[in-house]
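A look at the structure
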Amino acid sequence: MIHGAPPCRRGTGLPHYGPVDVTRLMLPPSLRPGSDRPAGPPDPSRVLRHDALLAVVLALVDVAFALGLPDEGRRPTAFGWALLLLAHVPMAWRRTAPLASFLGVVACVAPYHAMDFHHTAPLAVSLVGLFTVAMTGRPRRSVLIGVGVIGLMLTVKFSKGMAEGAEALRVAGWIVAVLLLGVYARVHRQYLASIVERAERAERTREEEARRRVAEERLRVARDLHDLLAHSITLVGVQTSVAAHVLNADPDRLDRAAVARALDDIADTCRSARGELRATLEVLRASPDESRGPLPGLDGVPELLAAARTAGAVVTAVLDPPQVPPAVGAAAYRIVQEALTNAVRHGGPDVSVRVEIGAGQGELRVTVQDDGVGTAPPAGGGGFGLVGMRERARSVLGTLEAGPRDEGGFRVAARIPVPGGPAAHRPTEEPR
């Protein structure tokens, strides 16, 4: 089929071509360096225009071969020129219908060679057609087409003599090289496509991870705000009731010291809540460089106990605070805070609360129980206190049990694993 070869560089025996940008040849248009086109299926009209322009360029190259290169074939007649130029028309659809386009080239080039016209002239269109078929199809199809083209060419050439057959073997090497280059281009393009797909998948994974972290942070902030506001507002409400009771009990003998003490307690609670609220809302600031306050920990539990006593509860505590990670300490702090808030809110007047914090068998144990006679906190819908405590425990791989006691009151018990096991300390019992 292809009976000519490009001219050789003098003294080397190697074909001489101009410089070729192989990288741009292998890459699809949307991935070529310097391209600002988005990745995706190309525009069919754009592809058709580009391939038609390539067909015109190939026609000019092959005409130049026919006019300027020496060849054993005869100069094309008008019919030969018509076949040569007509062979370039199917190249306008080389990417739209690669195999049909190549067969159209073969249908024009075969009679052209059979009439012994200039054999080197259709070289460019034939090589580009072979390359396109190899690049767009499976390797099996490329092998079948290569075997068919080479077999037909060798059969025709060897029928004319051994010299013609030897020349055909040299040309067969070029056919194999073009087919291999097309297969390589196809594999390389698939490789690039897989890289782009992996990059897009990684980008989607990063976006999903970012959204997940944002959702977790929002949930954490919501839990912190719930624990903080519920605790502070409950204490303020109780302390306000105490002040109102003192004012209304005996206006003639007003206990100014008790009223002042209750108002001071309200002010202290508000200041503490304001500082903790500011630290909690630091995560919502626009600047990521702003530092957040330290997480509340087990060292803040005595302040919670003091606030509960101020609200009128009788609190007994056995504290054996071990060294735990900040996340574990913050979870335990919030559990104690919410449990004390529920005890003050639902336990009734003069409720007795016992708080125990200790270490045992590689875990931190937190227990808060009361003997309240009021209504128990809602276990189903309507409140988020118990749900929040369970989420706190689960966030550090712990468990939490909460429910009414048989002898009356309510009990909250949390068990949180500690890596390496917390070191035991001598327990300290706080007085009532």
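The preceding data block contains the structure.
Calculation rules
- Residues numbered from 1 in each chain as written.
- Predicted model: local features only at pLDDT ≥ 70, side-chain atom pairs only at ≥ 80, totals over all residues.
- Heavy atoms only, no water.
- Helix = DSSP H or I, 4+ residues; strand = E, 2+ residues; numbered from the N terminus.
- Buried < 20%, exposed > 50% of the residue type's maximum accessible area, 1.4 Å probe, protein only.
- Contact = heavy atoms within 4.5 Å.
- Patch = residues over 30% accessible without salt bridge, like charges linked within 9 Å, V, L, I, M, F, W, Y side chains within 5 Å.
- Areas by Shrake-Rupley, 256 points an atom, 1.4 Å probe, with all protein chains shown as cover.
- Salt bridge = Lys/Arg side-chain N within 4 Å of Asp/Glu carboxyl O.
- Expected span 1.5 Å × (residues − 1).
- Axes fitted to C-alpha atoms, helices over the stretch in contact; angles between N-to-C directions.
- Parallel < 35°, antiparallel > 145°, perpendicular 65-115°, else oblique.
- Left-handed = near helix turned anticlockwise from the far one by under 90°.
- Nonpolar A, V, L, I, M, F, W, Y, C, P; charged D, E, K, R; others polar.
- Pairing = 2+ DSSP bridges.
- Right-handed = clockwise from strand over helix to strand, strands pointing away.
- Core = buried A, V, L, I, M, F, W, Y, C linked by side-chain atoms within 4.5 Å.
- Phe/Tyr/Trp six-rings, centres within 6.5 Å; stacked < 30°, edge-to-face > 60°.
- Arc of directions from axis to C-beta.

Secondary structure summary: the protein chain contains 11 helices and 6 strands in total. The buried share among the 432 residues of the protein chain stands at 39%. In the protein chain, of all internal contacts separated by at least 6 residues, the share reaching a separation of at least 24 is 73%.

Judged by side-chain polarity, L48, L86, V89 and W93 come together as a nonpolar surface patch covering roughly 360 Å² of accessible area. The topology assignment puts L86 in helix α3 (residues 78–86).

Another point: helix α5 (residues 123–136). Compared with the 20 Å implied by 1.5 Å per residue over 14 residues, the 20 Å span of α5 between its first and last C-alpha is a close match. Within α5, 12 of the 14 residues are buried, leaving the element largely enclosed by the surrounding structure. Of the positions making up α5, those classed as buried are L123, A124, V125, S126, L127, G129, L130, F131, T132, V133, A134 and M135.

Running from N to C, helix α10 (residues 326–346) and helix α11 (residues 385–395) cross one another at 165°; their axes reach a closest spacing of 9 Å. Taken together, the axes of α10 and α11 lie roughly antiparallel to each other. As for the relative orientation of α10 and α11, their crossing is left-handed in sense. Touching A331, R334, I335, E338, A339 and N342 of α10 are G385, L386, M389, R392 and A393, all from α11. Class assignment of the residues belonging to the contact of α10 with α11 gives a composition of 6 nonpolar, 2 polar and 3 charged.

For the pair helix α2 (residues 44–68) and α3, interaxial distance at closest approach is 10 Å and the crossing angle is 145°. Taken as a pair, α2 and α3 cross one another with a handedness that is right-handed. Two secondary-structure elements touch here, α2 through A59, D62, V63, A66 and L67 and α3 through W81, L84 and L85. Class assignment of the residues belonging to the contact of α2 with α3 gives a composition of 7 nonpolar, no polar and 1 charged.

Note that strand β1 (residues 314–319) and strand β2 (residues 352–360) share 6 bridges and pair parallel. For V314, the partnering residue across the bridge sits in β2 and is S352. In this region the chain leaves β1, passes through α10 and returns to the parallel neighbour β2; the handedness of that crossover is left-handed. Here 8 bridges tie β2 to strand β3 (residues 363–370), and the two strands are oriented antiparallel to one another. Counterpart to E356 in the pairing with β3 is T367. Between β2 and the antiparallel strand that follows it, β3, lie 2 residues; Q361 among them carries a positive phi value of about 55°.

The biggest cluster of nonpolar side chains holds 39 residues, and the ones touching the most others in it are V336, L340, V353, V355, I357 and L364. Looking at this core, the elements that each hand over two or more residues are α9 (301–310), β1, α10, β2, β3, α11 and β5 (410–417). Ranked by the residues each element gives to this core, the list is headed by α10, at 10 residues. Setting aside anything within four residues of it in sequence, one finds I357 in contact with L298, V301, V318, L319, D320, P321, V336, L364, R365 and V366. Grouped together as the second largest cluster of nonpolar side chains are 22 residues, F65, L127, F131 and L154 included.

It is possible for side chains bearing opposite charge to pair when their charged atoms get close. Tallying each qualifying case throughout the model produces 9 salt bridges. In this structure, R95 and D51 form a salt bridge, with 3.2 Å as the shortest nitrogen-oxygen distance. Taken together, the positions of R95 in the loop between α3 and α4 (98–114) and D51 in helix α2 put the pair 44 residues apart, joining distant regions of the chain. The residue E363 makes a salt bridge to R415 at a minimum N-O spacing of 3.2 Å. Residue E363 is found in strand β3, and its partner R415 is found in strand β5; the two are separated by 52 residues along the sequence. On the basis of relative accessible area, E363 is assigned to the buried category, the value being 15%. Residues joined in a network through salt bridges with shared partners are D51, R94 and R95.

This part is about unusual backbone geometry. With a phi close to 60°, D116 is a non-glycine residue in the positive phi region. Relative to the assigned elements, D116 resides in the loop between α4 and α5.

This brings us to the packing of aromatic side chains. Under the counting rule described, the total for this entry stands at 1 aromatic pair. Measuring from centroid to centroid gives 5.4 Å for Y112 and F117, while their planes differ by 45°, and the two rings are tilted. Grouping residues by exposure puts Y112 and F117 together as buried.

Next up on the list: the environment of G398. Among the secondary structure elements, G398 is positioned in the loop between α11 and β4 (399–404). Linking G398 and V328, residues 70 residues apart in sequence, is a C-alpha distance of 9.2 Å. With residues up to four places along the chain from it excluded, the contact list for G398 reads A393, R415, I416 and P417.

To continue, consider α9. Those residues of α9 that fall on the buried side of the exposure criterion are V301, L304, L305, A307 and A308. Down the axis, α9 shows its buried residues gathered within 160° of arc, on one side only. At the exit of α9 stands G312, carrying a positive phi of roughly 110°.

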